[in-house]
Amino acid sequence: MFPGATTDREAASYVVVGAPLDATTTFQPGTRFGPDRIRRFAETYDDYDRRTDSDFSALGVHDAGDVNSWDDVEAYLDHLAAELRSVAIDDAVPLALGGEHTVTYAGVKAVEPDVLVVCDAHLDLRDAYGGNPWSHACVTRRCLDDLGVDRAVIVGARTGSEEEWDRAADADVEVVPPEEARAWLDETTGGDGDGPFAGDSVYCSVDVDGLDPGFAAGTGTMEPFGLAPREARDLVRAVAPRADGFDVVEVNDRDDGQAAAVAGKLLREFVRTHAAARAD
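Attention in this report is confined to the structure presented alongside it. (Residues numbered from 1 in each chain as written. Predicted model: local features only at pLDDT ≥ 70, side-chain atom pairs only at ≥ 80, totals over all residues. Heavy atoms only, no water.)

1. Some thoughts on the overall build of the chain
1) Next: Tallying secondary structure elements over the chain gives 8 helices and 10 strands in all.
2) Next: Relative to the compact-globule value of 19 Å for 280 residues, the chain shows a C-alpha radius of gyration of 17 Å, a close match.
3) Next: Each principal axis of the C-alpha atoms in the chain carries an extent, and together these give about 45 × 45 × 35 Å.
4) Next: Buried positions account for 56% of the 280 residues belonging to the chain.
5) Next: When contacts within the chain are restricted to residue pairs at least 6 apart in sequence, long-range pairs at least 24 apart make up 77% of them.
6) Next: Total accessible area on the chain stands at roughly 11200 Å², and carbon and sulfur atoms take up 44% of it.
7) Next: Positive and negative charge centroids in the chain, built from 25 and 56 side chains respectively, lie 5 Å apart. (Helix = DSSP H or I, 4+ residues; strand = E, 2+ residues; numbered from the N terminus. Rg over C-alpha atoms; globule rule 2.2 N^0.38 Å. Buried < 20%, exposed > 50% of the residue type's maximum accessible area, 1.4 Å probe, protein only. Contact = heavy atoms within 4.5 Å. Areas by Shrake-Rupley, 256 points an atom, 1.4 Å probe, with all protein chains shown as cover. Lys, Arg positive; Asp, Glu negative; His and termini not counted. Charge placed at Lys NZ, Arg CZ, Asp CG, Glu CD.)

2. Describing the packing of aromatic side chains
1) Next: By the definition in use, this model includes 4 aromatic pairs.
2) Next: Ring centres of Y105 and W134 lie 5.0 Å apart, and the angle between their planes is 85°; this geometry places the pair in the edge-to-face category. With Y105 in helix α3 (residues 104–111) and W134 in the loop between β6 (115–119) and α4 (139–145), the pair connects residues that are 29 residues apart, well separated along the chain. W134 carries the same exposure label as Y105, and that label is buried.
3) Next: Aromatic pair F246 and F270: ring centres 4.7 Å apart, planes at 20°, arrangement stacked. One end of the pair, F246, is in strand β10 (residues 243–249); the other, F270, is in helix α8 (residues 258–279), and 24 residues separate them in sequence. This pair shows no difference in class: F246 is buried, exactly as F270 is.
4) Next: The residue whose ring lies beneath R268 is F56, and the NZ or CZ to ring-centre distance is 4.5 Å. (Phe/Tyr/Trp six-rings, centres within 6.5 Å; stacked < 30°, edge-to-face > 60°. Lys NZ or Arg CZ within 6 Å of the ring centre and 35° of its normal.)

3. Quick word on the pairing of strand β1 (residues 14–19)
Both faces of the sheet carry side chains from a regular strand, because those side chains alternate between them.
1) Next: In terms of residue burial, β1 counts as a mostly covered element, since 6 of its 6 residues are buried.
2) Next: Going residue by residue along β1, you find Y14, V16 and G18 tucked away on one face and V15, V17 and A19 tucked away on the opposite face as well.
3) Next: In this structure, β1 lies alongside strand β5 (residues 93–98), joined through 6 bridges in parallel fashion. Bridge pairing in β5 links V16 to L95. (Pairing = 2+ DSSP bridges.)

4. Here's the deal with the packing of helix α6 (residues 181–188) against helix α7 (residues 229–239)
1) Next: The contact between α6 and α7 brings their axes to 10 Å, and the two run at 25°. In terms of axis orientation, α6 runs roughly parallel to α7. Seen along the crossing, α6 lies across α7 with a hand that is left-handed. Contacts between α6 and α7 involve R182, W184, L185 and T188 on the former and, on the latter, R230, E231, D234, L235 and A238.
2) Next: For the contact of α6 with α7, a count of residues per class yields 4 nonpolar, 1 polar and 4 charged. (Axes fitted to C-alpha atoms, helices over the stretch in contact; angles between N-to-C directions. Parallel < 35°, antiparallel > 145°, perpendicular 65-115°, else oblique. Left-handed = near helix turned anticlockwise from the far one by under 90°. Nonpolar A, V, L, I, M, F, W, Y, C, P; charged D, E, K, R; others polar.)

5. Re unusual backbone geometry
1) Next: In this structure, G99 follows G98 across a cis peptide bond, with omega equal to 15°.
2) Next: One non-glycine residue with positive phi stands out, namely E112, at about 50°.
3) Next: Looking at where E112 falls in the secondary structure, it is placed in the loop between α3 and β6.
4) Next: When its relative accessible area of 64% is taken as the criterion, E112 is described as exposed.

6. Examining the pattern of salt bridges
Once their charged atoms are close, side chains differing in charge can pair, the charge on each being opposite to the other.
1) Next: Under the criterion given, the structure shown has 21 salt bridges.
2) Next: A salt bridge links R51 to E269, with the shortest nitrogen-to-oxygen separation between them at 3.2 Å. Here E269 lies in helix α8 and R51 lies in the loop between β2 (48–49) and β3 (54–55), a separation of 218 residues in the sequence.
3) Next: Several salt bridges share partner residues, and in doing so they unite R141, D145, E163, R167, D170 and D172 into one network. (Salt bridge = Lys/Arg side-chain N within 4 Å of Asp/Glu carboxyl O.)

7. Looking at the nonpolar core
1) Next: Among the nonpolar cores identified, the biggest contains 48 residues, and F2, L95, V117, W184, F246, F270 and V271 are the most heavily contacted of them.
2) Next: Top element by residues in this core is α8. It accounts for 9 residues.
3) Next: With near-sequence residues (within four places) excluded, L95 lies in contact with Y14, V15, V16, V17, F246, L267, F270 and V271.
4) Next: Ranked by size, the runner-up nonpolar core spans 36 residues in total, among them V67, L77, V87 and W134. (Core = buried A, V, L, I, M, F, W, Y, C linked by side-chain atoms within 4.5 Å.)

Right under this line is the structure:
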């Protein structure tokens with residue numbers, strides 16, 4: 001169980017769902033261990049948060065456990081989307097723990113946002129990788145082309161194939177490289193607080209490889225020169241008030257818990273910020 005989660009699903013405002021998919025990881029596998037590892041390394045965090053004057057345990061978070069995966073990725077994503085949609089139908093916010101980044105497709109399918117905001121080192125805009133359109137290297141492309149997301153904002157992206165950069169030049173994609181992330185965050189949180197998402201529903205996905213691997217080495221495809229943890233935190237805080245769903249993905253067991261620790265903290269930051277905005 002995610003630390004601080006309640007046991008009452010019916011009364012929950014937020015529902016954690018583990019999605020231990022580990023089918024298409026292209027370098028270092030191990031994302032199947034991500035959900036449990038995130039839960040484990042979140043155990044030491046204090047319940048109380050001074051910034052939001054909130055106890056995490058009082059925010060109505062329920063942990064529904066894992067939706068165990070199998071080899072048929074497309075079928076698994078359909079099943080996972082149905083589980084996450086049932087959360088949204090109950091007027092709660094689904095919080096998915098990955099698992100490879102492909103599981104974001106299920107979250108987006110469940111809540112049908114206008115905008116997908118992703119923290120990621122990679123563009124994930126390939127139409128197929130190794131002949132597989134369901135690869136984790138294709139998830140943002142699938143959300144745009146197959147699920148009808150109006151726009152994708154990819155914060156922290158610093159690598160991609162020529163095909164992906166060509167796709168990123170289209171009007172429905174915005175790429176914010178790491179060196180521009182702070183300025184983008186300042187713009188997003190300025191003014192009336194709506195920033196570039198005014199009137200839009202949003203889904204927020206954090207791939208931990210968006211962070212520099214010096215901070216989060218426990219991920220499948222490390223890419224140097226990434227975001228600092230505070231930038232990822234501020235991204236989550238900026239997007240959370242408008243978000244209908246959240247996930248943190250690509251955590252594996254190949255470090256001493258750094259990636260899982262930051263993933264668990266980011267989930268808590270999302271819940272606290274979303275709950276505070278809902279209370280206003």
